[in-house]
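Chain by chain, the residues:
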Amino acid sequence: MPQSDKKSLTSLTGQLLIAMPQMPDPRFEKSVIYICAHNADGAMGLVVNKLFDGIGFTQLLHQLDIDVTEPARELRVHFGGPVELGRGFVLHSDDYNREGSMPVSDGVMLTATVEILRAVAEGQGPEQAILALGYAGWGPGQLDQEMQANGWLHAPADRSILFDADLDRKWERALAGLGISLSMLSADIGHA
């Protein structure tokens, strides 16, 4: 990427990415993604409104040899995105901050260690958390191009949307937070 392009990049780190209704990739249809990193090297985020089929938290703990008979707390396993589905991430409130925890934005952290899963299972993890397998990733400039092609909208992250258990309504609520109703959206926005 030329030096001038790096300076003009507006980071979406800590923002919500909201799929437009005409999203061509079915994996991201009606997705709300929390952007964990966005810079000249690309972007990484976690889908926060879709569940991962086929595995629950207790099963995952057993697969990772975390010996807990009955977890103190159950986390739903989210589909974080199509990249590296065997890799887990916990997006969480900043009341849990250990080695391996990375601050993303005000009050939100990302941890990708087995220790956080053990802490949650033992009742000592963060108050708010989303467990995700896989992530959404974009190469340099790719996310910016998809946004210019009307694939995505972005909005400030709303913690009530981010950590809310009502997955079915997160997409509509994220759009409503921008003052947008579905009837206002068109596939032709920005095209002459």
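The preceding data block contains the structure.
Note that the coordinates shown come from a computational prediction; the quantities given were computed from them, not determined experimentally.

What counts, and at which threshold
Residues numbered from 1 in each chain as written. Predicted model: local features only at pLDDT ≥ 70, side-chain atom pairs only at ≥ 80, totals over all residues. Heavy atoms only, no water. Patch = residues over 30% accessible without salt bridge, like charges linked within 9 Å, V, L, I, M, F, W, Y side chains within 5 Å. Areas by Shrake-Rupley, 256 points an atom, 1.4 Å probe, with all protein chains shown as cover. Salt bridge = Lys/Arg side-chain N within 4 Å of Asp/Glu carboxyl O. Lys, Arg positive; Asp, Glu negative; His and termini not counted. Charge placed at Lys NZ, Arg CZ, Asp CG, Glu CD. Helix = DSSP H or I, 4+ residues; strand = E, 2+ residues; numbered from the N terminus. Buried < 20%, exposed > 50% of the residue type's maximum accessible area, 1.4 Å probe, protein only. Core = buried A, V, L, I, M, F, W, Y, C linked by side-chain atoms within 4.5 Å. Contact = heavy atoms within 4.5 Å. Phe/Tyr/Trp six-rings, centres within 6.5 Å; stacked < 30°, edge-to-face > 60°. Polar contact = N/O pair within 3.5 Å; in protein donor to acceptor, adjacent residues only side chain to side chain.

Draft legend 1. How the structure looks around a negative patch on the surface. Taken together, the side chains of Asp94, Asp95, Asp106 and Glu127 make up a negatively charged region of the molecular surface. Topologically, Asp106 is positioned in the loop between strand 6 (101–105) and strand 7 (108–111). Residue Asp106 is classed as exposed on the basis of its relative accessible area of 75%.

Draft legend 2. Local environment of the nonpolar core. In this structure, Leu91 and Trp152 are the most contacted members of the largest nonpolar core, which totals 37 residues. If near-sequence neighbours (up to four positions away) are discounted, Leu91 is found in contact with Tyr34, Cys36, Leu46, Val48, Val108, Met109, Leu110, Gln128, Ala129, Ile130, Leu162 and Phe163. In terms of nonpolar packing, the next biggest core, distinct from the first, is built from 18 residues, Leu60, Ile116, Val120 and Ala121 among them.

Draft legend 3. Main features of the packing of aromatic side chains. In the structure shown here, the tally under the stated rule is 3 aromatic pairs. Taken together, a centroid distance of 5.7 Å and an interplanar angle of 85° make the contact between Phe89 and Tyr135 edge-to-face. Pair noted here: Phe89 is in strand 5 (residues 83–93) and Tyr135 is in strand 8 (residues 129–138), with a separation of 46 residues, a long-range link. Accessibility assignment for this pair places Phe89 and Tyr135 in one class, buried. For the pair Trp138 and Trp152, a centre-to-centre distance of 6.2 Å together with 85° between the ring planes defines the contact as edge-to-face. Here Trp138, found in strand 8, pairs with Trp152, found in strand 9 (residues 152–156); they are 14 residues apart in sequence, far enough to count as distant.

Draft legend 4. Representation of the pattern of salt bridges in the model. What the rule picks out here adds up to 4 salt bridges. Here Asp25 and Arg27 are joined by a salt bridge, their closest N and O atoms 2.6 Å apart. Look at Asp25 and you get buried, because its relative accessible area is 19%. Linking Glu84 and Arg87 is a salt bridge whose minimum nitrogen-to-oxygen distance equals 3.9 Å.

Draft legend 5. View of the side chain of Lys170. Tracing the backbone shows Lys170 in helix 6 (residues 170–177). For the buried Lys170, no salt bridge is present, and the opposite-charge side chain at shortest range is Asp164, 6.4 Å distant. A polar atom in the side chain of Lys170 sits 3.0 Å from the backbone oxygen of Ile161. If we skip the residues at most four places from it in the chain, Lys170 touches Val32, Val48, Asn49, Ile130, Ile161, Leu162, Phe163 and Asp164.

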